[in-house]
Amino acid sequence: MTESQNFPPAGKLPDGYGEIFACVMRDKLMARAQAGDEQAIRILLAAVPKDIPRALARSLRDEEIRRLALWLAGRVPDLTPHGAAKIISFAGSAVAKGDPLVGRTYAMLERDERAALADRLKQILAWAPATKRGASWPGVRQTQDILRPAW
């Protein structure tokens, strides 16, 4: 029996397959998946939890916020870290409520830039976890803390 014949066919996986990340088989499956083995890919996908841990989701959200700040810095001359935090925080909260990005906070952005910012924030908000306070998006101070490593 070849190694690939040891694996179950596509579909429901037997008990214990969710534990492959704690064993040597993980390395073999990763190598097979990277080589394009569809069965190995199905096994690995079946082992991944449906919801990523909140800490990982928060880390991914923070990375997206830092990317938005860099994007803004390329469009807004003399943008300060506080200014970027304010724009991102206010815009995220507005988009979460379904409000348009209008007003003095966004005056330095063109209409298409405001639309691009709102679209990106909608994408992030679709999967980002709530803050520790239960808010859908971080406030200005928390956003400044997030931006500190990137600025």
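As shown above, the structure is provided for reference.
Residues numbered from 1 in each chain as written. Predicted model: local features only at pLDDT ≥ 70, side-chain atom pairs only at ≥ 80, totals over all residues. Heavy atoms only, no water.

## Concerning the overall build of the protein
Right, on to step 1. Summing up its helical and strand segments, the protein has six helices and zero strands in all.
Right, on to step 2. Secondary structure elements of the protein, listed N to C terminal, follow the sequence α-α-α-α-α-α.
Right, on to step 3. Counting every position in the protein, which comprises 151 residues, the buried fraction comes to 35%.
Right, on to step 4. A separation threshold of at least 6 residues defines the contact pool for the protein, and within that pool the share at least 24 residues apart is 62%.
Right, on to step 5. Carbon together with sulfur atoms contributes 54% to the accessible area of the protein, which is approximately 9600 Å² in total. (Helix = DSSP H or I, 4+ residues; strand = E, 2+ residues; numbered from the N terminus. Buried < 20%, exposed > 50% of the residue type's maximum accessible area, 1.4 Å probe, protein only. Contact = heavy atoms within 4.5 Å. Areas by Shrake-Rupley, 256 points an atom, 1.4 Å probe, with all protein chains shown as cover.)

## Section: the packing of helix H3 (residues 54–73) against helix H6 (residues 140–147)
Right, on to step 1. Between H3 and H6, the least distance of the axes is 9 Å, while the angle of their chain directions is 85°. One finds that H3 runs roughly perpendicular with respect to H6. Residues Arg61, Asp62, Ile65, Arg66 and Ala69 of H3 pack against Gln142, Thr143, Ile146 and Leu147 of H6.
Right, on to step 2. Partitioned by chemical class, the residues of the contact of H3 with H6 number four nonpolar, two polar and three charged. (Axes fitted to C-alpha atoms, helices over the stretch in contact; angles between N-to-C directions. Parallel < 35°, antiparallel > 145°, perpendicular 65-115°, else oblique. Nonpolar A, V, L, I, M, F, W, Y, C, P; charged D, E, K, R; others polar.)

## A look at helix H4 (residues 81–97)
Right, on to step 1. Taking 1.5 Å of rise per residue, 17 residues should cover 24 Å, and H4 covers 24 Å from first to last C-alpha, within 8% of that figure.
Right, on to step 2. Looking at the buried positions of H4, the neighbouring elements they touch are H3, helix H5 (111–125) and H6.
Right, on to step 3. In the stretch just after H4, glycine 98 is the one whose phi turns positive, near 85°. (Expected span 1.5 Å × (residues − 1).)

Treat this as a map of the structure, not an account of what it does.
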